[in-house]
Amino acid sequence: MTQFGDFQTLCSQVPSYTWCNLFYRQLQTNDPTALVGSSKDAASAPVGVNPECGIPKVNTNGSLGNIANIIVCGLSFFVIGALIYFTGRRKAAVGRVELRIFFVLYLLTLPFQLITTGSLLTQGSTALVVLTAIHAGLVATLFWTLLANAIVATQIVEDGTLSSIVPFSILSIAFFVATTYISLDVGLTITHVLGTSNPPQSINSIPLFVLTSIWPAVAALFYFGIMLYIVLGILNEIRPVWYYVIAAILFVLSQLDYFLLSKVICRGSSMKVDGSFIATILETACVVTLYFAWRGITEEDWDNELYYPS
């Protein structure tokens, strides 16, 4: 029977599910006989634990790894880099500093996603476990910064000042350190309190499940709720609402694709690609839409040099 915090179904049914890299190493250490099928040979194993469909490791029978998502992550990196640049130019806009931090964190997740879901490194290797743990820390922190941007937008504290940046940064560090440590504990079995599943085959971790699955959903829900309240209730604007609605739809679609369609795409492509690349496209489109939503509710006369050239 599936219990709260179980990853067994996710790791077998969802191709390229990142956090399964941690449990592969855990099983490899504590119960290697539980690794069967495509997961039995670590040298060619795809991302996942005994997945029903998975992209084999690069150079296995001509495999290119998760090539579609690798390309999309690379292109998304430049798109988000452009957003960071344009956000920095809006010097008078509310929440500029905090939003740039959010964009930078999303930018950082892309190369980690490329590596941890790309079927590039050997399953069970320490390098893959460490990179996956850092990736988990970045994701948990990313969603804190998303929620923090909504809090800053309420102007409870003045954006860009120490009263905003200090708690923003302290909680960001706390999320990153806690999630990264828990992830390392799961993968490397540092302790038996947070790390080892009992029994090993259950591949269960409630803290990891909360921080990588429940927390992102809750943070996103609160973010969209707060921003809709600000735009409709305080600013009395309609047009920016559509940006937030579109962003929310894109985020939901990315998750539906990742969890429901990924295996279908994997099987349809004979294990050459899965739905992760579509999810990345949708997630990046969501982030771009958030930029336009923010731009729509902040000052328009932001680029002083255009109006008052020196």
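Summarised in this report is the structure supplied together with it. (Residues numbered from 1 in each chain as written. Predicted model: local features only at pLDDT ≥ 70, side-chain atom pairs only at ≥ 80, totals over all residues. Heavy atoms only, no water.)

1. Notes on the side chain of Thr87
Relative to the elements of secondary structure, Thr87 occurs in helix α3 (residues 67-89). Once residues within four sequence positions are removed from consideration, Thr87 is found in contact with Arg96, Leu99, Arg100, Phe103, Tyr291 and Trp294. (Helix = DSSP H or I, 4+ residues; strand = E, 2+ residues; numbered from the N terminus. Contact = heavy atoms within 4.5 Å.)

2. Remarks on the state of the cysteines
In the structure shown here, the tally under the stated rule is two disulfides. Note that Cys11 is cross-linked by a disulfide to Cys20, the S-S spacing being 2.1 Å. What sets the handedness of the Cys11 and Cys20 disulfide is the S-S torsion sign, and at about -100° it is left-handed. For the pair shown, Cys11 and Cys20 are each scored as buried. The disulfide partner of Cys53 is Cys266, and the S-S distance across this bridge is 2.1 Å. (Disulfide = S-S within 2.5 Å. Buried < 20%, exposed > 50% of the residue type's maximum accessible area, 1.4 Å probe, protein only.)

3. Here's the deal with the environment of Phe224
Within the secondary structure layout, Phe224 lies in helix α7 (residues 206-234). Spatially, the C-alpha atom of Phe224 lies 9.0 Å from that of Ala247, the residues being 23 residues apart in sequence. The contacts of Phe224, once residues within four sequence positions are left out, are Tyr244, Ala247, Ala248 and Leu290.

4. Overview of the pattern of salt bridges
Under the definition given, this model contains two salt bridges. The shortest N-O distance in the salt bridge between Glu52 and Lys263 comes to 3.1 Å. With Glu52 in the loop between α2 (20-30) and α3 and Lys263 in helix α8 (residues 239-268), this residue pair connects regions lying 211 residues apart in the sequence. Exposure remark for Lys263: the relative accessible area of 18% places this residue in the buried category. Linking Glu52 and Arg267 is a salt bridge whose minimum nitrogen-to-oxygen distance equals 3.1 Å. Of this pair, Glu52 sits in the loop between α2 and α3 while Arg267 sits in helix α8; the two residues are 215 residues apart in sequence, bridging distant segments of the chain. (Salt bridge = Lys/Arg side-chain N within 4 Å of Asp/Glu carboxyl O.)

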